[in-house]
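Architecture and fold: a report
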Amino acid sequence: MYRGFLFDLDGTLVDSLAVVESAWSQWGQRQGIAAEEILAFIHGKQAITSLRHFLPHADETTLREEFLWLEHLESTTIEGIIALPGARELLSFLNEQQIPWAIVTSGSLPVATARYQVLNLPLPEVFITAEQVAQGKPYPDPYLLGAKQLNLAPETCVVVEDALAGIQSGLAAGCSVVAVNTQHGSEHLSPTYRLSALTELTISIEPNGFTLN
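Analysis parameters
- Residues numbered from 1 in each chain as written.
- Predicted model: local features only at pLDDT ≥ 70, side-chain atom pairs only at ≥ 80, totals over all residues.
- Heavy atoms only, no water.
- Phe/Tyr/Trp six-rings, centres within 6.5 Å; stacked < 30°, edge-to-face > 60°.
- Helix = DSSP H or I, 4+ residues; strand = E, 2+ residues; numbered from the N terminus.
- Buried < 20%, exposed > 50% of the residue type's maximum accessible area, 1.4 Å probe, protein only.
- Pairing = 2+ DSSP bridges.
- Right-handed = clockwise from strand over helix to strand, strands pointing away.
- Contact = heavy atoms within 4.5 Å.
- Salt bridge = Lys/Arg side-chain N within 4 Å of Asp/Glu carboxyl O.
- Axes fitted to C-alpha atoms, helices over the stretch in contact; angles between N-to-C directions.
- Expected span 1.5 Å × (residues − 1).

**So, the packing of aromatic side chains**
For the structure shown, the criterion picks out eight aromatic pairs. A centroid spacing of 5.9 Å and a plane angle of 45° characterise the contact between tyrosine 2 and phenylalanine 210, whose relative ring orientation is tilted. Of the two residues, tyrosine 2 is situated in the segment before β1 (4–7) and phenylalanine 210 in strand β10 (residues 209–212); the sequence distance between them amounts to 208 residues. Taken individually, tyrosine 2 and phenylalanine 210 each receive the classification buried, so the pair is uniform in this respect. Here phenylalanine 5 and phenylalanine 7 contribute two aromatic rings whose centre-to-centre distance is 5.4 Å and whose plane-to-plane angle is 10°, an arrangement assigned as stacked. Judged on exposure class, the residue phenylalanine 5 and its partner phenylalanine 7 are both buried.

**Looking at the pairing of strand β4 (residues 101–104)**
Of the two faces of β4, the one holding Trp101 and Ile103 and the one holding Ala102 and Val104 are both buried throughout. Pairing geometry for β1 and β4, over three bridges, is parallel. Along β4, the bridge assignment pairs phenylalanine 5 with tryptophan 101. As paired strands, β4 and strand β5 (residues 126–128) are joined by three bridges and run parallel to one another. From the neighbouring strand, valine 104 faces β5, where its bridge partner is isoleucine 128. Chirality of the crossover, the property in question, places the unit of β4, helix α6 (residues 109–119) and β5 among those that are right-handed.

**Considering the side chain of serine 108**
Residue position: serine 108 is located in the loop between β4 and α6. Serine 108 has contacts with Phe67, Glu71, Thr129, Ala130 and Glu131, leaving out every residue within four places of it along the chain.

**A few points about the pattern of salt bridges**
Pairs may arise between side chains of opposite charge once their charged atoms sit close together. On inspection of all chains with the given rule, the structure shows six salt bridges. A salt bridge links lysine 137 to glutamate 161, with the nearest nitrogen and oxygen atoms 2.8 Å apart. Pair noted here: lysine 137 is in the loop between β5 and α7 (141–149) and glutamate 161 is in strand β6 (residues 157–161), with a separation of 24 residues, a long-range link. Taken as a pair, lysine 137 and glutamate 161 share a single burial class, namely buried.

**Focus on the sheet that holds strand β7 (residues 176–180)**
Taking strand neighbours across the sheet as the criterion, the six strands line up as β5-β4-β1-β6-β7-β8 in an open arrangement whose pairing is parallel. One side of each edge strand has no neighbouring strand; the edge strands of this open sheet are β5 and β8 (193–195). On average, each strand axis in the sheet is tilted by 20° relative to the strand beside it, whichever way the strands run. Its contacts with the sheet put helix α5 (residues 87–96) on β1 and β4, and the angle it makes with β1 is roughly 150°.

**Points about helix α1 (residues 17–31)**
When the terminal C-alpha atoms of α1 are compared, their 21 Å separation across 15 residues agrees well with the 21 Å that a helix rising 1.5 Å per residue should span. Three or more residues of α1 are buried, namely Val19, Val20, Ala23, Trp24, Trp27 and Gly28. Those residues of α1 that are buried are in contact with α2 (35–39), α3 (47–54), α4 (60–76) and α6. Glycine 32 occupies a position one or two residues after α1 and carries a positive phi of about 75°.

Below, the structure written as structure tokens:
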């Protein structure tokens, strides 16, 4: 029996893959790092985590400058961003049924807000972004904070994720995890449910919450 949902944003509710990969590929050209190497690492993680990985000897000033360059590019490039199938309908259904839900993203507030607003999706009660947590995904902190701000115990929440780091984060937080549109490399994980699309998610309303079928 569950009480609320915690949704990742990119790759789960929103298809922004082309924008993300284009921005990071351009950054890789600036740094002389192959796009393939970058794109194999970044998904589901905070940008600053990826920057520290690829620039291990950079000082904090340099990392901040690179972060702001990426953030500006990603927050001002919205062409081609679309809602994934079933996202709008699912969020509207949760609002109709008064089921609490939050968005928990590794993106910064400017990037996540730009992508979400362009689609005019239902607004979340809680919106967790990278600035609000000390340790991002795959650590449990983001989903623990999302559950806390919904006033729910983590074990009563369903995390919906596509990325390896996000699935790990949800499981580490003690939530049930629906893996959807999963990336290569997540095969060894054991989420509670695996779906190929949000349209496959079936919710049964019960007196004290809901179940998934």
